[in-house]
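Reading the structure
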There are 2 protein chains.
Amino acid sequence: MPAASKAKPAPVGRGRRAARASGDERERAILETAERLLEERPLSEISVDDLAKGAGISRPTFYFYFPSKDAVVLTIIDRLVTAAADSREEALATMAEGELRAGLRQALTDLYGAFRSRRAVTLAAAELRMRNPEARELWSQVMEGWVADVTAVIEAERARGAAPAGQPARDLAIALVQMNERVQYAAFTGESPSLDEDRVIDVLVDIWLRAIYGTAEPS
Amino acid sequence: MPAASKAKPAPVGRGRRAARASGDERERAILETAERLLEERPLSEISVDDLAKGAGISRPTFYFYFPSKDAVVLTIIDRLVTAAADSREEALATMAEGELRAGLRQALTDLYGAFRSRRAVTLAAAELRMRNPEARELWSQVMEGWVADVTAVIEAERARGAAPAGQPARDLAIALVQMNERVQYAAFTGESPSLDEDRVIDVLVDIWLRAIYGTAEPS
DNA sequence: AACTTTATCAACACTGTGTCGAGAGAGTCA
DNA sequence: TGACTCTCTCGACACAGTGTTGATAAAGTT
């Protein structure tokens, strides 16, 4: 007996049907085609037919594997989001007690790297979020997780007297996390104005440190 | 002679054809219909037929007035953007020398108000920007203007010794302006996480002041 | 009255989505 | 072996939306 045949816990699937046997191959082909095409052009300019053709099947057959174009992208985003969540947790873990400042830079660098390495998917996620509630929900969870962790860090730093009081920690965290999202997105698209890719981290870290540890007075 | 008939300097028009005589009325009806429908649902769920019906004309007749749905929205955005630019200039003008800190709060408040009062249009602009180069360009100009002014303010404050040195003023300005855009957008949609509408200004002003005037050390 | 301009829309061509129903091929089992 | 059941495939269809064409009406001009 080859390997898994019944022992496949239904890949949960962002609304897509469970896969089986030889069909796995097709499914992978569709996902790979989608990732490839997203490197070339925006999601809105990719049709179901493009995905089907790229995977070597007809358009109706595509619908055997995924209920829509959005579902394909959602599956891809799901992976990115999982990877990003791991990056975040790991980064914040190594950032325990004491050297928070250096740890923060590391955390922002790792997270930035996670999205930059999948730039095309990140941009597709932003596009899909505009019109797809499921994509919105998925992204929302990433942001919530990130905000929750940052809030905890800020509160801990304030509690041990390392950071001065100020706006509610969660409010501060929301604004900072959203700043990162927008600044990174702009750097990826290269729109103008935007930060050069190699300036992003320095600028963001500086603002984070000042927002968390600084006051509004020059020293 | 009624009034203007030939003496109409062709309203430049975001790609739309010049209007005339009784057609002006229709054109206005289309724009008003668009604004009204945008209060109800996202741009992607509004069709050319919806706009035509709302203005009391057939779909082909719509194309006599505007070349596409996007052109209608672009015209609307153009007005918002012009109003926002005025807000910005005015706010920064009253913010001359000295009381920069209070002026900054006023400037952010005014700009926030300009977009909040046209929430539906602001959200449509964000949506259109994703897939329309002209909308991107238009938005880009607003951001550039804003960044240029903020850069000048930061440099002036540093020059007179009121603000400490730090990241290049323009880089700082880009990140701060983009933070505002994202935080305001999130507050408008009410996505989660997002700041409560009445917390937005306090939080943003605090971060701006710390980023510009503060250092990364608690006082 | 002939002519021009503005304004209107039915009918068409086209692109893209998603569904239906008729199979083909592979595996099961009686 | 032959009936049965899966998985997988796709031609043909129905639909929704965009944008164009060409015929025509109504109003203004000469």
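Residues numbered from 1 in each chain as written. Chains lettered and ligands numbered in written order. Predicted model: local features only at pLDDT ≥ 70, side-chain atom pairs only at ≥ 80, totals over all residues. Heavy atoms only, no water.

**Focus: the overall build of chain A**
As a reminder, the rule being used: Runs of H or I in DSSP of at least four residues are treated as helices and runs of E of at least two as strands, each being numbered from the N terminus. Three exposure classes are used, based on accessible area relative to the maximum for each residue type with a 1.4 Å probe and protein chains only: buried under 20%, partly exposed in between, and exposed over 50%. Residue contacts are counted whenever heavy atoms from the two residues lie within 4.5 Å of one another. Per-residue accessibility takes into account occlusion by the displayed protein chains alone, with areas from the Shrake-Rupley method and a 1.4 Å probe.
When helices and strands are tallied, chain A shows nine helices and zero strands. Order of helices (α) and strands (β) in chain A, N terminus to C terminus: α-α-α-α-α-α-α-α-α. Here chain A, with 219 residues, has 53% of them falling under the buried criterion. Partitioning the intrachain contacts of chain A with sequence separation of at least 6 by distance along the chain shows that 67% fall at a separation of at least 24. As displayed, chain A has an accessible area near 10,100 Å², and 52% of this comes from carbon and sulfur atoms.

**Focus: helix α7 (residues 133-159) of chain B**
Residues and elements named next belong to chain B. Here is the rule: Under the convention used throughout, the expected extent of a helix is 1.5 Å for every residue step, that is, one less than its residue count. Pairs of N or O atoms within 3.5 Å make up the polar contacts considered here, provided that, within protein, one atom can donate a hydrogen while the other can accept it, and that residues adjacent in sequence are counted only when both atoms are side-chain atoms.
For α7, spanning 27 residues, the distance from its first C-alpha to its last is 38 Å, which sits close to the expected 39 Å at 1.5 Å a residue. Between the side-chain oxygen at the start of α7 and the backbone nitrogen of E134 there is a gap of 2.8 Å, and the oxygen is on N132. Phi for G161, located one or two positions after α7, is positive at around 80°.

**Here's the deal with the relation of the copies chain A and chain B**
Which entries qualify depends on this criterion: The atoms used to superpose the copies are C-alpha atoms, taken from residues with pLDDT of at least 70 in both, and the fit is least squares.
Once chain A has been moved 0.0 Å along the axis and rotated by 180°, it coincides with chain B to within an RMSD of 0.0 Å. Taken together, the turn and the small shift mark the pair as related by a two-fold rotation axis. When each C-alpha of chain A is compared by its distance to the rotation axis, M179 of chain A comes out closest, at 2.1 Å. Of the residues that chain A buries at the interface, 100% are likewise interface residues in chain B, meaning the two copies contact each other through the same surface.

**Looking at helix α8 (residues 169-189) of chain A**
All names here are of chain A. Taking 1.5 Å per residue as the helical rise, α8 with its 21 residues ought to reach 30 Å, and the 31 Å between its terminal C-alpha atoms agrees with that figure. Counting buried residues along α8, 19 of its 21 residues qualify, which places the element largely inside the surrounding structure. Positive phi shows up at G190, right after α8, with a value of about 75°.

**Some remarks on the nonpolar core**
A general tendency of soluble globular proteins is for nonpolar side chains to be buried together. Threshold: Residues enter a nonpolar core if they are buried and are Ala, Val, Leu, Ile, Met, Phe, Trp, Tyr or Cys, with the set joined through side-chain atoms within 4.5 Å.
In this structure, I207 and W208 of chain A together with I207 and W208 of chain B are the most contacted members of the largest nonpolar core, which totals 149 residues. The contacts of I207 of chain B, once residues within four sequence positions are left out, are L172, A175, L176, I207 and A211 of chain A together with L176 and M179 of chain B. Grouped together as the second largest cluster of nonpolar side chains are six residues, M130 and Y185 of chain A together with A126 and Y185 of chain B included.

**Quick notes on the environment of G56 of chain B**
Topologically, G56 of chain B is positioned in the loop between α2 (48-55) and α3 (59-65). Looking at G56 of chain B, the relative accessible area reads 57%, which means it is exposed.

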